[in-house]
Amino acid sequence: MVLFALTSPSSSSKLKQHSHRSFSESLMEDSIEDAEAIIHQWISPDSFSSSSSFCCTFSLFSNKNREEAKQFIRAVTTLHSAMVKLISANPASTKLIRAESLLKTSMNHLSKEFYRILKSNRRYLDPESVSARSRNSSRNVSKEDDDAEAMADLKMIADCMTSSGYGKECFRIYKKIRKSIIVEALEQLGFESLTLSQVQKLEWESTEKKTRVWLRAARKAVTTLFRGERILSDHVFSSSAAMRESSFAEITLQSALALFSFPGNVARSRKTPEKIFLTLDVYQSIVELMPRIEEVFSYDSTSTVKSQIAGTLANLEEAVVSMIDEFESSISKESSKSMISNGGIHQLTRYVMNYIVFLADYSEVLVNIIPETSSFASPEEDESTSSSSLSSPLAKRISWLILFLLCKIDAKSRLYSDVALSYLFLINNLHYVVVKVRTSNLKEVLSEGWLEKHEGKLKNHVAKFEEIVWGELMTSLATAEEEEEEEEAEEFVRRFSDRFEEAYKRQTGWVVPDSKLRDEIKVSAAMTLIPAYTEFYKKYRVGLRKNLGVAPEDIGNYISDLYFGSGGSGCVSSVHSYV
């Protein structure tokens, strides 16, 4: 008698699998039902069958409902997880249809909450606020901080939607709103996106104004606008590296490229020497911002921004070099025959040196722009511009510019018929150059050796000027000891006085604008003439017997009145002190 019917191994295995599957399905279906119950607290079952969009009485993500919101998110996450497991266990389960509909409706609800948070919290989620909050991240952030809660809510929803397979829908909403914020922010900063052809049609006054606006906008955009957007994107989509990168890139890329193409377009427009300083301001601003730019636009998908900036910097460098070349050319082409009638400082000297002084203020920028292999079409070469005396390409470049100027001044000095006045012209202009170098950043660029060289030339010019103007009188005083008779002494005084009067009248219209240089020239003349003439005058007592010629004290008075220009000054100078 057979007491037990043996079950075949295959039948037993199938029975166990069926029993195990039923148990798993039961757990998964219970999870779906639990999630459904929680979700229905916020979403009416009627919304599942309605084709119209549902409406909640109030927001799920509010201060009063924060715990409920977290519970809702957990329920949706549980729902999705159970669905995934149920699909693996029994793809034909009828529960899946209901669960899929519930998940879809939940995602629709979360999408609207995501949109609402982004729209209603623009004040707290603008890039400047986010950037400022990041800088103060060390402070304690309480639950009452709306910006912190908004960022946390966005992240919570984004994590849930992404893990549930609805990341694209979340990303689409985020991109639409945040991209418009970036565009509007740049417009509020005054930035206007212009093509190359549009920039080239602008008048310089308009270009200058827009460039100054750009300088402010670019700094603000990099330090707060783009930085804040990077912080927010990284936070909201922290669970997905791909979405972090994509969101930031698609939101900022177009605006960033437009922003950094503008200065490059300006640099490619018509170049004149006057535009160089604003061009250097732009270049310097970008260089200073580069560490922030590298940090903010570090993704591979935003590498085009750094490529754009590299191209813009190259355009700016090329423009600066071209403008310096044009400036040099303008000096070389200056061919006016007009003379400064009193031997004063030529307007070309003032213009060139003021320009170069401003250039020297950008020396830290220019040292990276002026190429090592620069070749200069110099009118001549001397020790002051040789490679042995100047180390950097910038120093050589600037020294060439000054050399061009001095060569022009030397040529203009030859226009004077009076040799002494031509030397005074050289003295005034060279002195102006030397003072500008010594009292500005040019001193650091050109070195002390350059200054000593040109100060030596200035002293030689002054000595030559004194020799031409007072040389005859100095020679006569040197031979005056030979006059021993009273009549001869009187005749000498007459001749000396006549010659002195001629020399004085010759110089009455001449000018030395610099007061220190003016006094140095006058004191030097007085020290040469007055002691020797006074000794002779007193030795023969010419003035005591007869009121004859110029008295020694009068010589000092006359010299003191020189080099103020037409008519003299009538004021007391250091020559009186010397006398």
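Residues numbered from 1 in each chain as written. Predicted model: local features only at pLDDT ≥ 70, side-chain atom pairs only at ≥ 80, totals over all residues. Heavy atoms only, no water.

1. Points about the packing of aromatic side chains
- Under the criterion given, the structure shown has 22 aromatic pairs.
- One aromatic cluster is present, built from ring pairs that chain together Phe277, Phe327, Tyr351, Tyr355, Phe358 and Tyr362.
- Note that Arg230 overlies the ring of Phe248, its terminal NZ or CZ placed 5.8 Å from the centroid.
- The ring centre of Tyr299 lies 4.0 Å from the NZ or CZ of Arg230, which sits over that ring. (Phe/Tyr/Trp six-rings, centres within 6.5 Å; stacked < 30°, edge-to-face > 60°. Lys NZ or Arg CZ within 6 Å of the ring centre and 35° of its normal.)

2. Remarks on the packing of helix α13 (residues 303-333) against helix α16 (residues 393-413)
- At their nearest, the axes of α13 and α16 sit 9 Å apart, and the two run at 15 degrees to each other. In terms of orientation, α13 and α16 fall into the roughly parallel class. Between α13 and α16 lies a crossing of left-handed hand. Across the interface between the two elements, Ile324, Asp325, Phe327, Glu328, Ile331 and Ser332 from α13 touch Arg397, Leu401, Phe404, Leu405 and Lys408 from α16.
- For the contact of α13 with α16, the per-class residue count stands at 6 nonpolar, 1 polar and 4 charged. (Axes fitted to C-alpha atoms, helices over the stretch in contact; angles between N-to-C directions. Helix = DSSP H or I, 4+ residues; strand = E, 2+ residues; numbered from the N terminus. Parallel < 35°, antiparallel > 145°, perpendicular 65-115°, else oblique. Left-handed = near helix turned anticlockwise from the far one by under 90°. Contact = heavy atoms within 4.5 Å. Nonpolar A, V, L, I, M, F, W, Y, C, P; charged D, E, K, R; others polar.)

3. Things to note about the environment of Leu421
- Turning to its location among the elements, Leu421 is positioned in helix α17 (residues 419-438).
- As for Leu421 and Asn342, which are separated by 79 residues in sequence, their C-alpha atoms are 7.7 Å apart.
- Dropping the residues within four chain positions of it, Leu421 is found in contact with Ser341, Asn342, Gly343, Tyr416 and Trp510.

4. A few points about unusual backbone geometry
- Even without glycine at this site, Ser447 takes up a positive phi of about 85 degrees.
- Mapped onto the elements of the fold, Ser447 is located in helix α18 (residues 442-478).
- Positioned with a positive phi, Tyr563 is a non-glycine residue whose angle comes to about 70 degrees.
- With relative accessibility at 1%, the residue Tyr563 sits in the buried group. (Buried < 20%, exposed > 50% of the residue type's maximum accessible area, 1.4 Å probe, protein only.)

5. Re the side chain of Asn121
- Along the polypeptide, Asn121 turns up in the loop between α4 (95-120) and α5 (122-125).
- Overall, Asn121 belongs to the buried group, its relative accessible area being 13%.
- Setting aside anything within four residues of it in sequence, one finds Asn121 in contact with Arg116 and Ala150.

6. Here we look at helix α12 (residues 276-296)
- Given a rise of 1.5 Å per residue, 21 residues ought to cover 30 Å, and the 29 Å separating the end C-alpha atoms of α12 matches this to within 8%.
- The axis of α12 is deflected most strongly, by about 50 degrees, at Met290, and proline Pro291 appears within four residues downstream. (Expected span 1.5 Å × (residues − 1). Bend = angle between axes of the 7 residues up to and from the residue.)

7. Details of the environment of Tyr166
- Within the fold, Tyr166 resides in the loop between α7 (146-163) and α8 (167-188).
- Expressed as a C-alpha distance, the spacing of Tyr166 and Lys104, which sit 62 residues apart in the sequence, is 9.0 Å.
- Other than its neighbours up to four places away in sequence, Tyr166 contacts Glu100, Leu103, Lys104, Met107 and Met161.

8. What about the side chain of Lys275?
- With respect to the helices, strands and loops of the structure, Lys275 is situated in the loop between α11 (241-267) and α12.
- Within the buried set, Lys275 has no salt-bridge partner at all; the shortest N-O distance to an opposite charge, 7.7 Å, is to Glu274. (Lys, Arg positive; Asp, Glu negative; His and termini not counted. Salt bridge = Lys/Arg side-chain N within 4 Å of Asp/Glu carboxyl O.)

9. Quick word on the confidence of the model for the protein
- Across the protein, the average pLDDT comes to 83, with 80% of residues at or above 70.
- Within the protein, the element-level pLDDT minimum falls on helix α23 (residues 574-578), averaging 45, and the maximum on α17, averaging 97.
- In this model, residues 1-21 is a region of pLDDT below 50 whose contacts with residues beyond four sequence positions or in other chains number 2 contacts.
- The model gives residues 138-144 a pLDDT under 50, and that stretch makes 7 contacts with residues more than four places away or in other chains. (pLDDT = per-residue confidence, 0-100.)

10. Focus: the nonpolar core
- If you look at the biggest cluster of nonpolar residues, it comprises 161 residues, and the most contacted ones within it are Phe114, Trp214, Ile402 and Trp470.
- Residue contributions to this core peak at 12 residues, all from α18.
- Formed jointly, this core draws a minimum of three residues from each of two domains, domain 1 (177-323) and domain 2 (481-561). (Core = buried A, V, L, I, M, F, W, Y, C linked by side-chain atoms within 4.5 Å. Domains from an automatic or database assignment.)

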